Amino acid sequence: MVANSDPIEILINRHVGLLDDLYLLRTTIDRLMKTISPHLVEGLKREYMSFLKIMEQHMRCEEEVLFPVLKLSLGSKGAPIISMSGDHTNLKEEIDKLRTIITDMETEDTEECRKAINLANEEIDSLIDLFSRHIDKEEKCLFKLAREVLPEKELVEIEKKMKEIEKEGEGF
């Protein structure tokens, strides 16, 4: 048995990394607003796919591992889980919008590219805002609750399952 397993801390650290990744995307989009470059567009696409992979793993860890265990412990008091699941749905929609904009971005037609960059600019701001509000709620409410109600045994199991999800993603 692993002493002091803290999957909640792992999730919090992942929040920090994902928010950093969003700001990195924001910076690349800002650079593209000034100068359209095929290299920057390709860099943006790579950065986005890297972010997407980590975000999908992170959401799976919460939705497939933490939420179900916490829901069992909370019973009828599971409203925070419902709220966080709703946030995840909204985040996935925003992530998909941005993915479409970025993956379809081409530099051959400068005017079309500029339109796509402007759309990406709006979407990244929206996504950063949505994700920032979500992690604030999750960390202050849901994660605090998880630490209060989940025994060490459950935390160890959650961490183990989270690591399995991460290993699945390493094959990509």
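Residues numbered from 1 in each chain as written. Predicted model: local features only at pLDDT ≥ 70, side-chain atom pairs only at ≥ 80, totals over all residues. Heavy atoms only, no water.

Peer 1: Describe the pattern of salt bridges, with residues and values.
Peer 2: Inspection of every chain in the model, using the stated rule, returns 18 salt bridges. Of the charged contacts, one joins Arg-99 and Asp-96 as a salt bridge, the two residues approaching to 2.4 Å between their closest N and O atoms. Of this pair, Arg-99 and Asp-96 both sit in helix α3 (residues 79-103), three residues apart, which is roughly one turn of the helix. Judged by its relative accessible area of 27%, Arg-99 falls in the partly exposed class. On the basis of relative accessible area, Asp-96 is assigned to the partly exposed category, the value being 36%. When salt bridges that share partners are traced, they join Asp-6, Glu-9 and Arg-147 into one network. (Salt bridge = Lys/Arg side-chain N within 4 Å of Asp/Glu carboxyl O. Helix = DSSP H or I, 4+ residues; strand = E, 2+ residues; numbered from the N terminus. Buried < 20%, exposed > 50% of the residue type's maximum accessible area, 1.4 Å probe, protein only.)

Peer 1: Quick one: what's the story with the side chain of Glu-159, residue by residue and with numbers?
Peer 2: For Glu-159, the position within the fold is in helix α5 (residues 152-170). Here Asp-6 takes part through its backbone nitrogen, which lies 3.4 Å from a polar atom of the side chain of Glu-159. (Polar contact = N/O pair within 3.5 Å; in protein donor to acceptor, adjacent residues only side chain to side chain.)

Peer 1: So what about the packing of aromatic side chains? Which residues, and what values?
Peer 2: The geometry of an aromatic ring pair is captured by the separation of the ring centres together with the interplanar angle, meaning the angle of the planes. Applying the stated criterion across every chain yields a total of one aromatic pair. Ring plane angle 50° and centroid distance 5.8 Å describe the contact between Tyr-48 and Phe-51, whose orientation is recorded as tilted. You can see Tyr-48 and its partner Phe-51 sitting in helix α2 (residues 38-74), three residues apart, about one turn around the helix. Each of the two residues, Tyr-48 as well as Phe-51, counts as buried. (Phe/Tyr/Trp six-rings, centres within 6.5 Å; stacked < 30°, edge-to-face > 60°.)

Peer 1: Describe the packing of α2 against helix α4 (residues 110-149), with residues and values.
Peer 2: Where α2 meets α4, the closest approach of the two axes is 12 Å, and the angle between their N-to-C directions is 25°. Judged by the angle between their axes, α2 and α4 are roughly parallel. The two elements α2 and α4 cross, and the hand of that crossing is left-handed. Counted together, Val-41, Phe-51, Met-55, Glu-62, Leu-66, Phe-67, Leu-70, Ser-73 and Leu-74 of α2 and Cys-113, Leu-127, Phe-131, His-134, Glu-138, Leu-142, Phe-143, Leu-145, Ala-146 and Val-149 of α4 form the full contact between these two elements. Residue composition of the contact of α2 with α4, grouped by class: 15 nonpolar, two polar and two charged. (Axes fitted to C-alpha atoms, helices over the stretch in contact; angles between N-to-C directions. Parallel < 35°, antiparallel > 145°, perpendicular 65-115°, else oblique. Left-handed = near helix turned anticlockwise from the far one by under 90°. Contact = heavy atoms within 4.5 Å. Nonpolar A, V, L, I, M, F, W, Y, C, P; charged D, E, K, R; others polar.)

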